[in-house]
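# Structural description and commentary
Spelled out from the first residue to the last, the chains are:
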Amino acid sequence: MMSMKAVKLLLLCVICFSVVSKTVICEPPPTCPANLDGECGSEDSGEWEGEFFPGIPKIKYEGPTSKNPLAYKWYNPNEEILGKNMKDWLRFSVAFWHTFRGTGGDPFGAATKMWPWEDGTNSLAMAKRRMRANFEFLEKLGVDRWCFHDRDIAPDAETLEETNANLDEVVALAKELQGTKIRPLWGTAQLFMHPRYMHGGATSPEIGVYAYAAAQVKKAIEVTHYLGGENYVFWGGREGYQTLLNTDMERELDHMARFFEAAVAYKKKIGFNGTLLIEPKPQEPTKHQYDWDAATSANFLRKYGLIGEFKLNIECNHATLSGHSCHHELETARINGLLGNIDANTGDPQVGWDTDQFLMDVNEATLVMLSVIRNGGLSPGGFNFDAKLRRESTDVEDIFIAHIGGMDTLARGLRNAAKLIEDGSLDKLVRKRYQSFDTELGAQIEAGKVDFELLEKKAMEWGEPEVPSGKQELAEMIFQSAM
């Protein structure tokens with residue numbers, strides 16, 4: 001039988017939130033399966049009385065033969081791979097927004113998930129309850145990093161001062177719950193959902209919005225620093241344009257560069273040593289975003305003299321939206337010295353938008369890990385699960401299963417990539433393709449010491465060149481042998 005509190009909530013349910021889907025929904029009243037004889041908590045404190053994930057044990061490694069869905073089959077954190085523990089290669093992190101603010105809503109339908117600890121509000125008490133759920137989840141999953149947007153963890157208020165006070169209160173609780181072992185992999189400011197940011201934040205034509213965005217980023221950097229965050233991310237969801245007919249693109253890019261310069265200066269002023277990251281994405285929600293892909297972002301950083309101050313947070317789903325593979329984006333970032341962090345997700349080739357699915361493709365994970373190994377790892381970056389449950393997955397248990405699957409897939413990719421590197425056949429094939437440059441003339445060309453006159457002389461001397469096979473099928477065969 002419903003309590004009076006639950007009845008009131010059901011009758012008063014008008015609006016709720018969905019940070020990821022931006023869908024306005026009406027949610028059902030809360031339930032308390034962990035404490036059936038009482039309420040979720042006292043009305044004054046909003047504290048939860050009981051476990052958020054009852055019946056879910058601490059997830060352990062059981063090996064590839066295990067049939068237990070709540071166990072790791074490939075991720076063995078302290079196992080050494082190529083001289084480094086798996087946990088240090090992978091540095092996993094849980095995304096607060098998808099895991100604890102995702103409702104399953106989409107542009108075509110209302111929410112499908114109402115976790116038992118939710119009460120249908122965006123109150124400060126509810127924000128604290130979610131934070132407690134976050135840390136219980138991290139502890140049971142065995143992950144010691146998390147990521148957040150400022151507005152995901154604490155509610156907006158009527159004024160910036162009140163909003164900052166809300167954030168301070170939730171962050172103080174997060175600091176307490178973190179203890180000495182857990183830290184944010186990164187924090188960020190959400191500059192895309194509120195109507196004030198409909199034209200962008202750092203690229204808005206309105207100076208008042210530009211100033212508000214700067215104040216919000218300033219605060220988000222402060223709280224990330226306070227929580228011991230290792231990185232800070234900029235995702236320009238609305239930093240772009242819908243049409244160039246009403247846009248001064250050059251001026252907007254200049255404004256964005258000045259914004260980033262100010263962020264660098266403030267980071268140094270407060271002693272925050274974390275890495276600043278830019279997360280490329282071609283579009284959604286704007287038609288064209290200024291950080292379209294890794295190459296575009298690298299060009300922007302070079303043009304404005306910021307190349308030494310930032311690295312890139314590559315998201316696999318964003319890579320495919322820009323017309324690239326995740327491997328391409330990772331390699332582009334790596335060879336430019338910009339690979340800093342990876343949003344571990346994927347898209348659906350039959351769906352043309354950012355679906356943010358957990359990465360479950362072992363082949364893709366192996367290619368990802370080849371880039372990470374060649375990069376020497378990602379630290380102080382890592383793998384953030386910017387991924388959400390499918391709309392149809394509605395059991396609390398599914399939150400664990402999705403993360404376990406994603407972690408196991410990347411762990412398996414790491415094992416496969418290590419096999420390929422230790423075997424050496426693929427590297428040997430690649431070296432052989434370029435062996436004609438392993439000569440005195442080749443070395444001079446690569447050192448920039450050969451002009452066209454000399455090359456013309458050699459072309460006439462050698463005659464028509466013989467072009468060997470690229471051996472693509474052999475390369476693919478070698479790659480598949482490690483799967």
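Residues numbered from 1 in each chain as written. Predicted model: local features only at pLDDT ≥ 70, side-chain atom pairs only at ≥ 80, totals over all residues. Heavy atoms only, no water.

Of regular secondary structure, the protein possesses 17 helices and 14 strands. Within the span of the protein, comprising 483 residues, buried residues form 51% of the whole. At a minimum sequence separation of 6, the contacts of the protein that also span at least 24 residues come to 74%. For the protein, the accessible area works out to roughly 23,100 Å², and carbon and sulfur atoms hold 54% of it. (Helix = DSSP H or I, 4+ residues; strand = E, 2+ residues; numbered from the N terminus. Buried < 20%, exposed > 50% of the residue type's maximum accessible area, 1.4 Å probe, protein only. Contact = heavy atoms within 4.5 Å. Areas by Shrake-Rupley, 256 points an atom, 1.4 Å probe, with all protein chains shown as cover.)

Evaluation of the coordinates by the stated rule reveals 5 cavities of 30 Å³ or more. Put simply, the largest cavity is a space of about 210 Å³. Residue lining of the largest cavity: 20 residues in total, with F234, W235, G236, E239 and F260 positioned closest to the centre. Looking at the lining of the largest cavity, the elements with two or more residues in it are β8 (231–234), α8 (249–269) and α9 (294–303). (1 Å grid on protein atoms, 1.4 Å probe; cavity = no way out; pocket = protein on both sides within 12 Å on 5 of 7 lines; lining within 4 Å. Points joined across faces, edges and corners; volume = space filled by probe spheres on them.)

A separate point is helix α7 (residues 207–226). Given a rise of 1.5 Å per residue, 20 residues ought to cover 28 Å, and the 29 Å separating the end C-alpha atoms of α7 matches this to within 8%. For α7, the complete set of buried residues consists of V209, A213, Q216, V217, K219, A220, I221, V223 and T224. Two residues or fewer after α7 comes G228, characterised by a positive phi angle close to 80 degrees. (Expected span 1.5 Å × (residues − 1).)

Here we come to the packing of helix α4 (residues 124–141) against helix α6 (residues 160–178). Axis separation between α4 and α6 bottoms out at 10 Å; the angle between their running directions is 25 degrees. Relative to α6, α4 is oriented roughly parallel. Handedness of the α4/α6 crossing: right-handed. Where α4 abuts α6, its residues L124, A127, K128, M131, R132 and F135 lie against N166, E169, V170, L173, A174, L177 and Q178. (Axes fitted to C-alpha atoms, helices over the stretch in contact; angles between N-to-C directions. Parallel < 35°, antiparallel > 145°, perpendicular 65-115°, else oblique. Left-handed = near helix turned anticlockwise from the far one by under 90°.)

Turning to the side chain of D152, a few remarks are in order. For D152, the position within the fold is in helix α5 (residues 150–153). Within the local environment of D152, its side chain forms a polar contact with the side chain of H149, the two groups lying 2.7 Å apart. (Polar contact = N/O pair within 3.5 Å; in protein donor to acceptor, adjacent residues only side chain to side chain.)

The end-to-end C-alpha distance of α4, which contains 18 residues, comes to 26 Å, matching closely the 26 Å that a straight helix rising 1.5 Å per residue would cover. Along α4, 13 of the 18 residues are buried, which leaves the element largely enclosed by surrounding structure. With its phi angle positive at about 80 degrees, G142 sits one or two positions after the end of α4.

One can find A213 in helix α7. When its relative accessible area of 0% is taken as the criterion, A213 is described as buried. Along the primary structure A213 and Y197 are separated by 16 residues, whereas in three dimensions their C-alpha atoms are 8.4 Å apart. Apart from residues lying up to four places away in sequence, A213 is in contact with L191, Y197, G201 and F259.

What follows covers unusual backbone geometry. Going from E284 to P285, the amide bond is cis rather than trans, its omega being 5 degrees. Structurally, P285 can be placed in the loop between β10 (275–278) and β11 (288–289). Look at the link from S379 to P380: it is a cis peptide, with omega at 10 degrees. Relative to the assigned elements, P380 resides in the loop between α12 (362–374) and β14 (383–385). Despite not being glycine, E284 has its phi angle at roughly 75 degrees, a positive value. Mapped onto the elements of the fold, E284 is located in the loop between β10 and β11. By relative accessible area, E284 is classed as partly exposed at 24%.

The sheet built from 8 strands closes into a barrel, its strands ordered β5-β6-β7-β8-β10-β12-β13-β14 with parallel pairing. Taken pair by pair, the neighbouring strands of this sheet meet at an average axis angle of 30 degrees, ignoring direction. Lying over the sheet, α4 contacts β5 (92–95) and β6 (145–149), oriented at roughly 150 degrees with respect to β6. (Pairing = 2+ DSSP bridges.)

Right, let's talk about the pattern of salt bridges for a bit. Under the definition given, this model contains 21 salt bridges. Put simply, E222 and K218 hold a salt bridge, and the shortest N to O gap is 2.7 Å. In this pair, E222 and K218 both sit in helix α7, 4 residues apart, roughly one turn of the helix. Here E222 falls in the partly exposed class, since its relative accessible area comes to 22%. On the accessibility criterion, K218 (38% relative accessible area) is partly exposed. Salt bridges linked by common partners bring R91, D144, R145 and E230 together as one network. (Salt bridge = Lys/Arg side-chain N within 4 Å of Asp/Glu carboxyl O.)

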